[in-house]
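# Results of the structural survey
Next come the chains, spelled out residue by residue.
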Amino acid sequence: MTNYILRRLFHMIPLLLGVTVLSFAIMKLAPGDFLTQMALNPQIAPETIELIRRQFGLDQPWYVQYWKWLIGILQFDFGYSFTYRVPVSALILERVGNTLILSIGAAFISWAAALPLGVYSALYQNTRFDRIASFFSFTTISVPSFFLSLLGIFIAAKTGWFPTGGAVSANYSSLDMFGKLFDRLHHLILPVLVLGFIGTGSLVRQMRSNFLEVMRQPYATTARAKGLPEHIVIWKHIFPNAVNPLITLLGFEIASLLSGAALTEIVFSWPGLGRLILEAVMSYDLYLVMGSLFMGTILLIMGNLISDILLAFMDPRIKLG
Amino acid sequence: MAQKSNFRIIINRLRQNKRAWFAMWIIVALAFFALLADFISPYHYDEQNRTKSYHPPTAIHFVDAEGRFHLRPFVYNYSLVDPVFKRYEPDTKKIYPIYFFVKGDGRLRLFGTDEPSRLFLLGSDLHGRDLFTRLLYGGRISLSISLLGVFVSFILGLLMGGIAGYFGGKIDNILMRLGEVIMAVPGIYLLLALRAIFPVTLSSAQVYLLIILIMSFIGWAGLARVIRGMVLSIKEYDFVTAAKAIGSGHMRVIVRHILPNTLSYTIIAMTLSVPGYIIGEAALSFLSLGIQEPYPSWGNMLSAAQSIRVLTNAPWILIPGIFISITIICFNLLGDGLRDAFDPKATGGVEIK
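Predicted model, so just to flag it, every value in this text is computed and none were measured.

## Some words on the domain arrangement of chain B
Residue and element names in this part refer to chain B. With domains assigned, chain B is organised as domain 1 (2–35 + 133–342) and domain 2 (61–128). For domain 1 and domain 2, the distance between their C-alpha centroids amounts to 40 Å. Each partner contributes to the interface: domain 1 provides seven residues, whereas domain 2 provides seven residues. Both faces combined, the contact of domain 1 with domain 2 buries some 580 Å², and carbon together with sulfur accounts for 50% of it. Per-residue buried area on domain 1 facing domain 2 is highest for R309, N313 and W316; these three make up 54% of the total on that side. Summed over the shared surface of domain 1 and domain 2, the number is one salt bridge. Between domain 1 and domain 2 we count one residue pair in polar contact (both at pLDDT 80 or more) in total.

If you want it as structure tokens, here you go:
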């Protein structure tokens, strides 16, 4: 197992190199940088700008810049953010946590909702329950995350049950420990629900069709023929085999979660990675865009790796080698 | 018995799937409305009315304040009673009948009413522009951009996948690694970063082409991978050897003999990938990095909803989102139906988003 993980990590290196080249190329192709905007400000002397340019090595040829940036990444030094005036790595570390909380919470909700829904719509195939569940999953697959977020905010603003954005209230620092925890959870509920809702549909559909397929397998009939009670047949014999293919889907899910999370973060003013990259793009914050692009990629690749490892744990038939 | 063409068989199977058939007609209707926006919409998409900012949907009446019935539907003129919360009240003294096939600034319109009253079927926006009108014109932009985006990225994906699978070796390696790099970055992140290459302020025509370009750059990779796999097995068939034997060039073999065999997969995948492009365009325009004012798109019409005050006082500005969702639902249903029609034995679902 360790061998397999190590090999997978090793295979990631060329891919990540490719991503660094891509993100560097994007930033080099962009017209101007933060300094050209600075130059428009008459209060900043041209000498100051020249000084900053030299300080950040922006006067050197692109391959030198790329090489320095690459070496920096290996030491978890993503460069310096011009707008925030702090190291990019500090910003990213701060934001990644928020994105992870949002995505993991959402994944948890969609799995918790999708598994029973999928199982019961397979058991009650072609009944009214099945049709309602299938309509529900079709809707969640089709509604764009930013529109659902807007609807969520609309409900929050009308009822006043939830905050309409941000990660903490304005008076956060004056709260005690439980108050802080409650405040964070309170802000988390709506974005997590929105994102979890989005992810539910495809899981329900997949779970339903897997379950229907496994239900017709001879070993399910054998289990029944042995006289096992129905709930044991369903939950001990059919369910584990029907769940396995879903774990491979986890990888895809992480990709769509991260993209969906970016838009949800932006609408909910949630201080995550997706919102960070939008702000960076808007202000031509070169190293910040590259850093967040790179970090987003790492999250996605790690997600895929974790889903493969999970699958190997859950399904003894799969041999990693 | 006459031999039915493949196409007819597919259409017949699709017709039996009521949901997919219905979804197809909704898509056709939406496209039809968008195409005929000049005729159906009562106003020009940028016709402003400063006195009717965030005007609620106009109620259409048949019975007036004195209880008299009118065969011709009519509306009342609304006046602003609360400028802070944008509250409007109808003035029931004077009725404004709705006329059909009226002439307005030089063109025929389906319906309209007399000034100073306005007929806002779905309310108005900040500048007092008719939301229904902008929805129709916006549909033109949003639908065409996503269909063109799908088209361009599928041509790219088919060619890249075809070339990679057919030639193999180094070309295959380079193309597939490139695709893997593109697929390794979360979609929205890449979309935003690629948009950053170009200046924020571009003309609308440029942005239109740019969005198609960016989305195709991201979209070809996934398709090319699958097509490559199919080409690997198709190129071993005798008919490919035969085509080569009679002296067809490589590109001709790929385009004329190999790729047509991936047609059924391509049609299904194209239909199922339209939603992604609709969301991509809407998201960019929503973040004001896409289609710019005064031109409407379903995405940039939703931007106004980012203000909580506007959202609570004028909830009708969320309507474009409902249209985005309906369109996506229909493309998903149609794609599912097509898959069943092409392969009745297949079960289960393919991932969409």
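Here the narrative resumes.
## Details of the sheet that holds strand β3 (residues 87–97) of chain B
Residue and element names in this part refer to chain B. Pairing in this open sheet of three strands is antiparallel, and the strands run β1-β2-β3 from one edge to the other. Every interior strand has two partners, whereas the edge strands, β1 (61–63) and β3, have only one. With strand direction ignored, the average angle separating the axes of adjacent strands in the sheet is 50°. As judged from the two bridges shared by β1 and strand β2 (residues 69–82), these two strands associate in the antiparallel manner. Of the residues in β2, the one forming a bridge with V63 is F69.

## Some details on the interface of chain A and chain B
Where interface size is quoted, it is often the accessible area lost as the parts come together. Taken together, the contact between chain A and chain B spans 54 residues of the former and 50 residues of the latter. Here chain A packs against chain B, burying approximately 4,400 Å² in sum over the two surfaces, 77% of which is carbon and sulfur. Summed over the three residues of chain A that lose the most area to chain B, namely A:F138, A:F146 and A:L150, the buried surface amounts to 13% of that side. Counting across the chain A and chain B interface gives one salt bridge. Residue B:D336 is joined to A:R205 by a salt bridge in which the shortest nitrogen-to-oxygen separation is 2.9 Å. Seen at the junction of chain A and chain B, the total is four residue pairs in polar contact (both at pLDDT 80 or more). When residues of the side of chain A that touches chain B are traced back to their parent elements, those giving at least two are α1 (2–29), α6 (128–142), α7 (145–159), α8 (177–215), α10 (230–267), α11 (273–282) and α12 (286–314) of chain A. Looking at the side of chain A that touches chain B, the element that brings in the most residues is α10(A), giving nine residues. When the residues that make up the side of chain A that touches chain B are grouped by side-chain class, the tally is 36 nonpolar, 15 polar and three charged.

Procedures and definitions
Residues numbered from 1 in each chain as written. Chains lettered and ligands numbered in written order. Predicted model: local features only at pLDDT ≥ 70, side-chain atom pairs only at ≥ 80, totals over all residues. Heavy atoms only, no water. Domains from an automatic or database assignment. Contact = heavy atoms within 4.5 Å. Buried area = accessible area lost by both parts, 1.4 Å probe. Salt bridge = Lys/Arg side-chain N within 4 Å of Asp/Glu carboxyl O. Polar contact = N/O pair within 3.5 Å; in protein donor to acceptor, adjacent residues only side chain to side chain. Pairing = 2+ DSSP bridges. Helix = DSSP H or I, 4+ residues; strand = E, 2+ residues; numbered from the N terminus. Axes fitted to C-alpha atoms, helices over the stretch in contact; angles between N-to-C directions. Nonpolar A, V, L, I, M, F, W, Y, C, P; charged D, E, K, R; others polar.

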